[in-house]
Amino acid sequence: MEKEINGIKLEICANSIYSAEQAQAAGASRVELCQNLENGGTTPSYGQIKTTRDLLHIGVHVLIRPRAGDFLYNKQEFEEMKADIKMCKELKCDGVVIGILDEAGHVDMPRMKELVNLAKPMTVVFHRAFDRCADPYQALEDIISLGCDRILTSGQKNTAEEGRLLLQELVELAGGRIEIMPGSGVHAQNVKDILNFTQAKSIHASAKTSIASEMLYHNDKLKGMDEDVIFSDRKKVEELIEQIKSL
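Criteria and thresholds
- Residues numbered from 1 in each chain as written.
- Predicted model: local features only at pLDDT ≥ 70, side-chain atom pairs only at ≥ 80, totals over all residues.
- Heavy atoms only, no water.
- Helix = DSSP H or I, 4+ residues; strand = E, 2+ residues; numbered from the N terminus.
- Buried < 20%, exposed > 50% of the residue type's maximum accessible area, 1.4 Å probe, protein only.
- Polar contact = N/O pair within 3.5 Å; in protein donor to acceptor, adjacent residues only side chain to side chain.
- Contact = heavy atoms within 4.5 Å.
- Salt bridge = Lys/Arg side-chain N within 4 Å of Asp/Glu carboxyl O.
- Phe/Tyr/Trp six-rings, centres within 6.5 Å; stacked < 30°, edge-to-face > 60°.
- Pairing = 2+ DSSP bridges.
- Axes fitted to C-alpha atoms, helices over the stretch in contact; angles between N-to-C directions.
- Right-handed = clockwise from strand over helix to strand, strands pointing away.
- Patch = residues over 30% accessible without salt bridge, like charges linked within 9 Å, V, L, I, M, F, W, Y side chains within 5 Å.
- Areas by Shrake-Rupley, 256 points an atom, 1.4 Å probe, with all protein chains shown as cover.
- Lys, Arg positive; Asp, Glu negative; His and termini not counted.
- Charge placed at Lys NZ, Arg CZ, Asp CG, Glu CD.
- Core = buried A, V, L, I, M, F, W, Y, C linked by side-chain atoms within 4.5 Å.
- Expected span 1.5 Å × (residues − 1).
- Arc of directions from axis to C-beta.

Trainee: Can you explain the side chain of threonine 153? Please cite residues and give values.
Mentor: Looking at the secondary structure, you find threonine 153 in strand S6 (residues 150-153). Take threonine 153: its relative accessible area is 0%, and that puts it in the buried class. A distance of 2.8 Å separates a polar side-chain atom of threonine 153 from the backbone nitrogen of glycine 155. Non-local contacts of threonine 153, meaning those with residues more than four positions away in its chain, are made with Arg128, Phe130, Asp131, Leu167, Leu170, Ile180, Met181, Pro182 and Gly183.

Below, the structure is given as structure tokens:
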């Protein structure tokens, strides 16, 4: 069940079971479940997906991304994505979050169509591969024609705040045919401005925080291995919700 908050749906990008529970406890509408958030997010494990689905009553949408880096996938990676989508369907997830591009920066229509057909009737979200597309207007129409339900985008800028002009335009051009969901750099201090400016009806945030490791022993000879832990913070989610309620 994806409840609205003052007419808006708040999606939290959750990088763990704990993060997903924090999002639900705070009152989020749904979660996008992933791992490896510090590198843009990759597909979570079977155990993470299953346990999260068992514990949550809000929407669970799973990121299908076999690795960090670009969105140009080889044959083996494509087969992996199909297998992960089948797993999500078997585990009764609400949706999957996917995106494949070709070498020229266009939506890979044949392979995306295969994934969308495989995923239905789950919700299908085209993720921020959109922000790597050469022509966002053509990409919008291509993704609509594929039957996707939502596009997660920062308006082809580093943050949704920076990309608000394109986001506003995409919402208008979509005309209700697909949901445009701003994401990246969204927090309690700017969420109202982004929503008011773009007129989007859903918003995506990680609400993340970093805490120091509780390990008592640290090997000081190892360099570049950060032991801090990143998770979604219930208080930050609640702050987002309070701002959305005051729109």
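Trainee: Give me the lowdown on the pattern of salt bridges, citing residues and values where you can.
Mentor: On inspection of all chains with the given rule, the structure shows 17 salt bridges. With its nearest N and O atoms 2.9 Å apart, the salt bridge here joins aspartate 70 to arginine 67. One salt bridge connects glutamate 114 with lysine 82, and the closest N-O pair in it is separated by 2.9 Å. With glutamate 114 in helix H4 (residues 109-119) and lysine 82 in helix H3 (residues 75-90), the pair connects residues that are 32 residues apart, well separated along the chain. Classification of lysine 82 by relative accessible area gives buried; the value is 15%. Salt bridges sharing partners connect three or more residues here, namely Glu2, Lys9, Glu11, Arg30, Arg150 and Glu179.

Trainee: I'd like a rundown of the packing of aromatic side chains, residues and numbers included.
Mentor: For the structure on display, the rule yields 1 aromatic pair. Seen in terms of ring centroids, tyrosine 18 and phenylalanine 231 are 5.2 Å apart; in terms of plane orientation they differ by 80°. Their pairing is edge-to-face. Here the residue tyrosine 18 occupies a position in helix H1 (residues 17-26), and phenylalanine 231 occupies one in strand S10 (residues 229-232), the gap between them amounting to 213 residues. Judged by its relative accessible area of 44%, tyrosine 18 is partly exposed. The class for phenylalanine 231 is buried, based on a relative accessible area of 13%.

Trainee: Requested: an account of the sheet that holds strand S2 (residues 30-33), with residues and values cited.
Mentor: Spatial ordering of the open sheet is given by S7-S6-S5-S4-S3-S2-S1-S8, a layout of 8 strands whose pairing is parallel. The open sheet has two edge strands, strand S7 (179-182) and strand S8 (202-205), and neither has a second partner. Ignoring strand direction, the axes of neighbouring strands in this sheet form an average angle of 25°. As defined by bridge partners, strand S1 (residues 9-14) adjoins S8 across 4 bridges and the pair is classed as parallel. Looking across to S8, one finds that lysine 9 is bridged to serine 202. Packing of helix H6 (residues 164-174) onto the sheet brings it into contact with S6 and S7, and relative to S7 it is tilted by some 165°.

Trainee: Any chance you could break down the pairing of strand S4 (residues 95-98) for me, citing the residues and the numbers?
Mentor: Going residue by residue along S4, you find Gly95 and Val97 tucked away on one face and Val96 and Ile98 tucked away on the opposite face as well. Here strand S3 (residues 59-63) pairs with S4 via 3 bridges, running parallel. By the bridge assignment for S4, leucine 63 is matched with valine 97. Crossover handedness for the path S3 to H3 to S4: right-handed. Bridging between S4 and strand S5 (residues 123-126) involves 4 bridges; their strand directions are parallel. In the sheet register, valine 97 faces S5, and the bridge partner there is valine 125. You can see the chain leave S4, run along H4 and come back into S5, and the turn it takes is right-handed.

Trainee: I'd like a description of a negative patch on the surface, backed by residues and values.
Mentor: A grouping of Glu38, Asp226, Glu227 and Asp228 is seen on the molecular surface, where their side chains present a negatively charged patch. In this fold, aspartate 226 is placed in the loop between strand S9 (208-211) and S10. Looking at aspartate 226, the relative accessible area reads 62%, which means it is exposed.

Trainee: Could you give an account of the nonpolar core, naming the residues involved and the relevant values?
Mentor: In this structure, Leu10, Met112, Phe126, Ile178 and Ile203 are the most contacted members of the largest nonpolar core, which totals 67 residues. Those residues within four positions of leucine 10 in sequence are excluded, and the remaining contacts are Ile5, Ala28, Ser29, Arg30, Ile203, Val237, Leu240, Ile241 and Ile244. If you look at the next biggest cluster of nonpolar residues, it comprises 8 residues, including Cys13, Cys34, Leu63 and Leu152.

Trainee: For helix H8 (residues 234-245), give the residues involved together with the corresponding values.
Mentor: Helix length check: H8 (12 residues) gives 16 Å between terminal C-alpha atoms against 16 Å at 1.5 Å per residue, within 8%. Turning to H8, its buried residues number three or more, namely Val237, Leu240, Ile241 and Ile244. Looking down the long axis of H8, one finds its buried residues gathered within 100° of arc, a one-sided arrangement. Looking at the buried residues of H8, the elements they touch are S1, H1, helix H7 (191-198) and S8.

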